[in-house]
Amino acid sequence: MADIDPELKRPLRVLVAAPRGFCAGVDRAIRIVELALEKWGAPVYVRHEIVHNRFVVENLRAKGAVFVEELDEVPEDVPVIFSAHGVPKSVPRAAEARRMVYVDATCPLVSKVHRQAERLIAQGRHIIFVGHAGHPEVIGTFGQVPEGAMTLVETIEDAETVAVDDPSRLAFLTQTTLSVDDTRAIVETLGRRFPAIQSPRGEDICYATSNRQDAVKVIADACDVVFVIGAPNSSNSLRLREVAERCGARAYLVQRAADLDWAWLAGADTVGITAGASAPEVLVQELVEALGERRRLSVEQVSTAVEDVAFKLPRVLTE
Ligand code: 2E7
Ligand code: F3S
C-alpha cells in the first residue's frame, strides 16, 4: 500500500501581502511594448528584459517582441524600446545617430533620479550613489554623468571607507529598489562622515519598493515560511526575500509555482506570499492553487497600504 503523506490536507493559513506585484512603472513599461506592437507591428525590439520577469518577457515575445542586450543587435528600420530600468545617455544618442525609432520605457521615478544627478553635477558636486554594482539601473544612472563624477557605495563598509576629494561639495542619490533599512544605515554613516552631504530632494527608494517591504514585514512576523514571487535578477524581489528572512521567516524566492519544493513547508502552519514589482498577479494565484492541492487552505489578504499611482504613456503611442 502506498504511504499516505501525513502533511496532506493539514490546514495551512496563507497570508497574502498587499501591496504586492506590479508597480506603476512596470504597468507602463509593459503597456509601451504592447502599444508599440499594435502601432508598428512585429517585430519590435526591446533592449534588455523590459522588466525582470521571465513570464512577462515570454508573453511579449509570443506577441512579436524581440529581446536583446545591446542596441547594436537591433537591425536597421525596426523600432526599439529601452527597458524600465533606464539606460546610459549613450544609448539614445547612438539610436539617434542611427536615425532609429525608439521609445524609452524608463520608469519616470528613475528618470527623476537621472535629472537630479545631472543637476548635482551642474552644481559642481560629486555624487555618492548607493546601489548594487552591475544592475542595469545603476549602469543607466552612472551613464547620466561624466566618468568619475559618481562613486558607488554598496554597503556600510563602503560608506565607512569611501574617499572623496572635497567633502563640502558632496551629494548622494540611491537606486530605487534598495532595502529601506539597509539604506537608512548607509545614509546615516555617510552623514556622520560627511556632515555637509546633500540628500535627495525626495526619497529615491520608490513608493512601490517601500510599500512592498512594509507589507512583507507585517506578514513575515506571523509566518513560518514566506514565498516571494520574483526573478533572481530582480533587485526589488531579492530585497523582499531578505526583509522576510530578517523577520525570522524561512523565505524563498520562486519564479512560479513549479519551483516550489514541498520540503520547505515541513512543519509550517502559516505561509506568506508576496510578489516583486515585476511579477504578474496570475503567478500569485497559481502558487495559491498549488498550495491548495496538498493542504487545506485558509487565505487572507493583509493590506498595509493602498496604491493609486499611474504614469502617463509616451505621446507617440497614444496619438
Ligand atoms: C525598473 C526599476 O524589473 P524589476 O524586477 O527590476 P529591479 O530593478 O527590481 O531589478 O522590477 C521592476 C522595476 C524596478 N525598478 C523596473 Cl528601475
Ligand atoms: Fe518604477 Fe519603482 Fe516600479 S522605480 S518601475 S515604480 S519599482
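No experiment lies behind these values; they were computed from the predicted model shown.

*Asks:* What is the right way to look at a nonpolar patch on the surface in this model?
*Replies:* Together, Trp40, Val101 and Val316 make up a nonpolar patch on the protein surface, roughly 220 Å² of accessible area in all. Turning to its location among the elements, Trp40 is positioned in helix 1 (residues 24-40).

*Asks:* Looking at this model, I keep getting lost on the site of ligand 2. Mind explaining?
*Replies:* Near ligand 2 you find Cys23, Gly25, Cys107, Leu109, Thr176, Cys206, Tyr207 and Ala277, and these make up its full shell. Of all the cavities here, the one that holds ligand 2 is the largest cavity. Residue composition of the shell around ligand 2, by class: six nonpolar, two polar and no charged.

*Asks:* Even after reading the chapter, I still don't get the pattern of salt bridges, so can you show me in this structure?
*Replies:* A side chain with one charge can pair with a side chain of the opposite charge if their charged atoms come near. This model, assessed by the stated rule, comprises 18 salt bridges. For Glu34, the salt bridge is made with Lys63, and the minimal N-O distance between the two is 3.3 Å. Of this pair, Glu34 sits in helix 1 while Lys63 sits in the loop between helix 2 (54-62) and strand 3 (65-68); the two residues are 29 residues apart in sequence, bridging distant segments of the chain. The salt bridge partner of Arg246 is Asp182, with a shortest N-O separation of 2.7 Å. Of the two residues, Arg246 sits in helix 9 (residues 235-246) while Asp182 sits in helix 7 (residues 180-193), which places them 64 residues apart along the sequence. For Arg246, a relative accessible area of 54% puts it in the exposed group. Overall, Asp182 belongs to the partly exposed group, its relative accessible area being 30%. The network of salt bridges with common partners includes Arg31, Glu34 and Lys63.

*Asks:* Looking at this structure, I do not really get the side chain of Arg28. What am I missing?
*Replies:* Assignment of secondary structure puts Arg28 in helix 1. With no salt bridge to any partner, buried Arg28 finds its closest opposite charge in Asp104, at an N-O distance of 6.5 Å. Setting aside its immediate chain neighbours within four residues, Arg28 contacts Asp104, Ala105, Thr106, Pro108, Phe311, Lys312, Leu313 and Pro314.

*Asks:* Hey, could you run me through the sheet that holds strand 3 in this one?
*Replies:* By way of backbone hydrogen bonds, the strands of a sheet pair with one another, either parallel or antiparallel. Strand order in this open sheet of four strands is 3-2-4-5, and the pairing throughout is parallel. Both outer strands of the open sheet, strand 3 and strand 5 (102-104), are each paired with one neighbouring strand and no more. On average, each strand axis in the sheet is inclined to that of its neighbour by 25 degrees, with strand direction left out of account. Bridge count for strand 2 (residues 44-47) against strand 4 (residues 80-82) is three bridges, and the pairing is parallel. Of the residues in strand 4, the one forming a bridge with Val46 is Ile81.

Definitions and limits used
Position numbers for residues start from 1 in each chain and track the written sequence from start to end. Numbering of ligands from 1 and lettering of chains from A proceed in the order in which they are written. Under the rules for a predicted model, residues below a pLDDT of 70 receive no local features and side-chain atom pairs below 80 are neither given nor counted, while totals for whole chains, interfaces and linings still include all residues. Excluded from the side-chain calculation are hydrogens and water; included are all heavy atoms of the structure. Each patch is built from salt-bridge-free residues with over 30% relative accessible area, joining like charges within 9 Å and nonpolar side chains (Val, Leu, Ile, Met, Phe, Trp, Tyr) within 5 Å. Only the protein chains shown count as cover for residues, and the accessible areas themselves come from Shrake-Rupley with a 1.4 Å probe. One side-chain nitrogen of Lys or Arg within 4 Å of one carboxyl oxygen of Asp or Glu is enough to make a salt bridge. Helix and strand definitions here come from DSSP, where helices need a minimum of 4 consecutive H or I residues and strands a minimum of 2 consecutive E residues; each element is numbered from the N-terminal end. In this text, near means that some heavy atom of the residue lies within 4 Å of the molecule or strand in question. Computed over the protein atoms alone on a 1 Å grid, cavities are sets of points where a 1.4 Å probe fits but cannot get out and pockets are open sets with protein on both sides within 12 Å along at least five of seven lines; a residue lines them when it has an atom within 4 Å of a point. To decide whether a molecule occupies a pocket or cavity, check its atoms: if more than half lie within 2 Å of the grid points, it is inside. Side-chain classes follow a simple rule in which Ala, Val, Leu, Ile, Met, Phe, Trp, Tyr, Cys and Pro form the nonpolar group, Asp, Glu, Lys and Arg form the charged group, and the remainder, Gly included, forms the polar group. The buried label applies to any residue whose accessible area, calculated with a 1.4 Å probe on protein chains only, is under 20% of its type's maximum; exposed applies above 50%, and partly exposed to all values in between. We count Lys and Arg on the positive side and Asp and Glu on the negative side, and we leave His and both chain ends out. When checking whether two residues touch, look at their non-hydrogen atoms; a contact exists if any pair is within 4.5 Å. At least two DSSP bridges between two strands are needed for those strands to be called paired. The convention used is that axes are lines fitted to C-alpha atoms, helices contributing only their stretch in contact, and that angles between N-to-C directions extend from 0 to 180 degrees.

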